[in-house]
Amino acid sequence: MSEETKVKYDKPIPLKTIDNTPYWDAADRHELALQKCETCNSYNHPPGPSCSNCGSVDVIWKNHGSDIQGTVYSYVVSYRPFLPGFQNDIPLVIAVVELTDLPEVKIMGNILNGNAENVTIGKAVKMVWEDVTEDRAVPQWKLA
Amino acid sequence: MNNIRNKYAIVGVGESKRSKNSGVTPLHLALDAARAAIADAGLEAKDIDGFMSYSENDSCTPHQVATYLGVRPGVVKEILGGGSSTELLIADAIGLIETGQAKTVLIYRAMNGRSGMRMGGGGWSTDLLQNAFDGGSFLIPYGAGSPGQWFGLFATRHMHLNGLTQEHLGHVCTSFYEHAQRNPNAFFYGKPLTLEDYMQTAHLSSPFTKHDFCLESDEANAIIVTSTERAKDCKSTPVKIMGMAARQTVSHAHYWKNLDEVASDYVAPELYKAAGISPEDIDVASIYDCFSWVVLRQLEAYGLAPKGEVGDFVAAGNLRLNGKLPTNTAGGMLSEGYTHGMNNVLEIVRQVRHEYAGTNRQVENCEIGICTGWAGPDIAGAMILSK
Ligand SMILES: [Zn+2]
């Protein structure tokens, strides 16, 4: 990644926390990792200190690789930046995507090649990763 | 809470001046609203022994307000929170009075919501925001920093599944703006909105235009709660609390996981059970309206319009003064003012009291009103009031 590209990225970079680090570490490797509960078998996204479905502390991380498909569960198109850093991304498509293999998991992201005309509920998308710094990458969506 | 049905009442309501730039602190606004509510009830400051408030760290403390009214309070309480906090604090006040720890409680919301800290955002640190709420790192990096966007995700899906259109959102806005034209204190008094104008307004964030967003104002509102027994000593017409559901949540703190569920769905059955009435008994409504769609979703949740027919219900003019359910009759937060819901509480009290009798603002023969609060899709509360 060139110096120029690095400087250009002025959007917020996901903060790694005690609860979500494995998710973002996997994203940096262009992979999806999800927290799973060994007690009730549910997937927890966003991840937390224990299972957000049953409260069990017996939670593990599962790697789902880099081929992640989903469909648009809902979306909005924003025509003004509601946060600093997004002034060059308008209109911005923000979508909640339901994973094809794990419909209980919904992951938010921008649809990078989406707009008010080509995005609808149910539309197929795939996960892509945007390299935003030398060592950080952010999962995003593209129309499949 | 059937055992406290009609045992408690709202006996005073008051507000400060409403403006874009008050030029004073929230404490000054709170004192103006408190004095107005005390005068409305025909009480003296020393009759108030409980003071409560909610804020987003943008206000003054109940202890300060009591102090500058010249009172040493028996109980003070302040909570962080926005929509549905009024209902929660009324329930808390009832609990304190019921257990003999207070007699008469004043609840206020005071804010320079336009000239001071604006809910619409601006100037926030994005790192701070990522840590400000659970799961924030999964929203903020994607530019989702405004309730307009979070609630918009619910709206897009709900509208898609239920045949709701932009026109239906427009009918909510134009109905409330029409009410505001009869209210000289409304922000958008003298600024009517036609459906044609609405439909030509661009999205700020779909499906919402600027008209679908609530306004921002500098103001304070206050209400006084006491027992129906003690209300007899007040000069105002008491408005009895038939029942309430203080605050319910959805099943999950990461509420965008399930866009088909809102907290109001859980509030409604508890509310009607407590009040002992059905939706069809309700004559007038204050529905929390931080966004136009939030009104549609609550009409459905509270059974005020049949699911799947909410759009037809508003398009038929039922939220207007002569409709089946006159709603937000002072203009609501879309066109009157914004105090995280309390201005809508003041209005429903005035309607149920028939305070506007003889003017063009009174909902004729209204006896029972519903007032709903919405902190978000995840947290809500409501109450039912009667004359
Ligand atoms: Zn579990």
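Residues numbered from 1 in each chain as written. Chains lettered and ligands numbered in written order. Predicted model: local features only at pLDDT ≥ 70, side-chain atom pairs only at ≥ 80, totals over all residues. Heavy atoms only, no water.

## Quick word on the coordination of the zinc ion
Tetrahedral coordination by four donors puts the ideal angle at the metal at 109.5 degrees, and octahedral coordination by six puts it at 90 or 180 degrees.
Here is step 1: Coordination of the zinc ion by the protein is provided by A:Cys37 (SG), A:Cys40 (SG), A:Cys51 (SG) and A:Cys54 (SG), with metal-donor distances spanning 2.3 to 2.4 Å.
Here is step 2: The coordination sphere of the zinc ion comprises four donor atoms, whose angles at the metal cover 105 to 114°; the geometry is tetrahedral. (Donors = N, O, S within 2.8 Å, 3.2 Å for Na, K, Ca; no water. Tetrahedral: all angles 85-135°; square planar, octahedral: opposite > 155°, others 65-115°.)

## Focus: the packing of helix H6 (residues 166-180) of chain B against helix H10 (residues 292-301) of chain B
All names here are of chain B.
Here is step 1: Close contact between H6 and H10 brings their axes to 8 Å; oriented N to C, the two are set at 100°. Here H6 lies roughly perpendicular to H10, going by the angle between them. Across the interface between the two elements, His168, Leu169, Val172, Cys173 and Phe176 of H6 pack against Ser292, Trp293, Val295 and Leu296 of H10. (Axes fitted to C-alpha atoms, helices over the stretch in contact; angles between N-to-C directions. Helix = DSSP H or I, 4+ residues; strand = E, 2+ residues; numbered from the N terminus. Parallel < 35°, antiparallel > 145°, perpendicular 65-115°, else oblique. Contact = heavy atoms within 4.5 Å.)

## Comments concerning the pattern of salt bridges
All names here are of chain B.
Here is step 1: Counted according to the given criterion, the structure contains 26 salt bridges over all chains.
Here is step 2: One salt bridge connects aspartate 58 with arginine 109, and the closest N-O pair in it is separated by 3.0 Å. Of this pair, aspartate 58 sits in the loop between strand E2 (50-55) and helix H2 (62-68) while arginine 109 sits in strand E4 (residues 104-112), and the two are 51 residues apart along the sequence.
Here is step 3: A relative accessible area of 11% places aspartate 58 in the buried class.
Here is step 4: On the basis of relative accessible area, arginine 109 is assigned to the buried category, the value being 0%.
Here is step 5: Arginine 361 is paired through a salt bridge with glutamate 347; the nearest N and O atoms lie 3.7 Å apart. Here arginine 361 is found in the loop between helix H13 (342-353) and strand E10 (368-376), whereas its partner glutamate 347 is found in helix H13, with 14 residues between them in sequence.
Here is step 6: Overall, the relative accessible area of 14% leaves arginine 361 in the buried class.
Here is step 7: Through salt bridges that share partners, Glu15, Asp40, Arg350, Arg353 and Glu355 make up one connected network. (Salt bridge = Lys/Arg side-chain N within 4 Å of Asp/Glu carboxyl O. Buried < 20%, exposed > 50% of the residue type's maximum accessible area, 1.4 Å probe, protein only.)

Purely spatial values, then, with no claim about function.
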